[in-house]
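Chains, contacts and geometry: an overview
As a plain string of letters, each chain reads:
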Amino acid sequence: MKIITVMNQKGGIGKTMTAASLAYILGQEHGKKVLLVDADQQGNVSMLYDRFEPEGIGMSELLEKHRSTGGTYSTTELIQTTPYDNVDIIPANGYLMRTNMQLLLNEKEDQIIRFAAAMLEVQDAYDYCIVDCGLLMDMTVTNVLVATDLLILPVKVGGFEVEAIANMAEQVEDLRGLNEGIRIKVLMTMRQKNQTSLQVEQWLKESSGQECFETSVRRSIVAEKATMQRVPLPVFSKSCIVTKDYREVAREILEEMEE
Ligand SMILES: Nc1ncnc2c1ncn2[C@@H]1O[C@H](COP(=O)(O)OP(=O)(O)OP(=O)(O)O)[C@@H](O)[C@H]1O
Ligand SMILES: [Mg+2]
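Residues numbered from 1 in each chain as written. Chains lettered and ligands numbered in written order. Predicted model: local features only at pLDDT ≥ 70, side-chain atom pairs only at ≥ 80, totals over all residues. Heavy atoms only, no water.

Our next topic: the packing of helix 1 (residues 15-29) against helix 12 (residues 241-257). At their nearest, the axes of helix 1 and helix 12 sit 9 Å apart, and the two run at 70° to each other. On the basis of the axis angle, helix 1 is roughly perpendicular to helix 12. Classified by chirality, the crossing of helix 12 by helix 1 is right-handed. The residues of helix 12 that touch helix 1, namely those facing Met17, Thr18, Ser21, Leu22, Ile25, Leu26 and Glu29, are Thr243, Tyr246, Arg247, Val249, Ala250, Ile253 and Leu254. (Axes fitted to C-alpha atoms, helices over the stretch in contact; angles between N-to-C directions. Helix = DSSP H or I, 4+ residues; strand = E, 2+ residues; numbered from the N terminus. Parallel < 35°, antiparallel > 145°, perpendicular 65-115°, else oblique. Left-handed = near helix turned anticlockwise from the far one by under 90°. Contact = heavy atoms within 4.5 Å.)

As structure tokens, this is what we get:
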């Protein structure tokens, strides 16, 4: 199982859209076994997959009460099926905020290897684990990054992209002692056809110093409609430009991860 995490310390730049769409495309269109993980207390990706429960169990229990750290839950017990074949989910809700505080206050040594330990249990059951993060570099996200193979860093024009990329790259370097193999790849989201958008795209691909997806994801109102309907974008529209772009992103991922 490869772990692909979608994270950037910016709000509203398409992290959830990216995680939800890629999970669907890899699972439903490529027949991969996908485990979607909600690592955001907002629970947005759980909502898109119809598995949001304000009082339900999921990511909080995985981090706080898993067998590997003396708790009672196994990873499998925290995984739910979704309405879509091949895509299962570990959901999250507002309790994740409390979990973050618990992990911070607790002085045990295993605080940031908990997610990695829990994922070992389902290593052979899935091809890909896709993680949607919130916008804070909290204990949950730190746990996730320790286990991550590929970090997708969505970037939106006008979102202080230069600083955002530098910050994330630094944080990943700080964790490299615990996760030598993690790679970062920038994905431009909500691209428009204007000059500014094109200039940022060119900068990302040629001068940012980061690896970048060939595909940029275009902007379309259809994506926002899908979010309002609370379904993954490819379910809402199989053929809109944003779905097509995410298909290309998925193809790039498969090409490099399965070569
Ligand atoms: N390619 C796109 N074109 C148009 N709108 C988009 C696109 N991608 C995402 N959006 C919209 O932008 C908004 C924010 O997207 P999303 O929720 O994926 O961002 P996020 O980075 O996960 O936000 P948060 O930081 O709150 O978790 C949503 O309304 C979504 O529908
Ligand atoms: Mg989100």
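Further notes follow.
The environment of ligand 1 is made up of 20 residues, and the closest members are Lys15, Thr16, Met17, Arg218 and Thr227. In the environment of ligand 1, an oxygen atom lies 2.8 Å from a nitrogen or oxygen atom belonging to the backbone of Met17. With respect to ligand 1, the backbone of Ser220 contributes an N or O atom lying 3.0 Å from a nitrogen atom. For ligand 1, the protein covers 86% of the area, taking 630 Å² as the surface of the free molecule. Listed by contribution, the elements that provide at least two residues to the shell around ligand 1 are helix 1 and helix 10 (221-229). A per-class count over the shell around ligand 1 returns seven nonpolar, seven polar and six charged. (Near = heavy atom within 4 Å. Polar contact = N/O pair within 3.5 Å; in protein donor to acceptor, adjacent residues only side chain to side chain. Areas by Shrake-Rupley, 256 points an atom, 1.4 Å probe, with all protein chains shown as cover. Nonpolar A, V, L, I, M, F, W, Y, C, P; charged D, E, K, R; others polar.)

Taken as a whole, this structure holds zero disulfides when the rule is applied. Between Cys129, a cysteine without a disulfide, and Cys133, which holds the nearest cysteine sulfur, the sulfur-to-sulfur distance is 10 Å. In this structure Cys212 is not part of a disulfide, and its nearest cysteine sulfur, from Cys133, lies 19 Å away. (Disulfide = S-S within 2.5 Å.)

The strand order across the open sheet built from seven strands is 3-4-2-5-1-6-7, with neighbouring strands paired in mixed fashion. Sheet topology places strand 3 (80-81) and strand 7 (183-189) at the edges, where each strand pairs with a single neighbour. For strand 3 and strand 4 (residues 87-90), the ladder comprises two bridges, and the chain directions are antiparallel. Within strand 4, the position partnered with Thr81 by the bridge is Asp88. (Pairing = 2+ DSSP bridges.)

With that settled, consider the packing of aromatic side chains. Scanning the entire structure with this criterion turns up two aromatic pairs. Both rings, one in Tyr24 and one in Tyr84, keep their centres 5.4 Å apart while their planes meet at 80°; by these two values the pair is edge-to-face. Here Tyr24, found in helix 1, pairs with Tyr84, found in the loop between strand 3 and strand 4; they are 60 residues apart in sequence, far enough to count as distant. Of the two residues, Tyr24 and Tyr84, both sit in the buried class. (Phe/Tyr/Trp six-rings, centres within 6.5 Å; stacked < 30°, edge-to-face > 60°. Buried < 20%, exposed > 50% of the residue type's maximum accessible area, 1.4 Å probe, protein only.)

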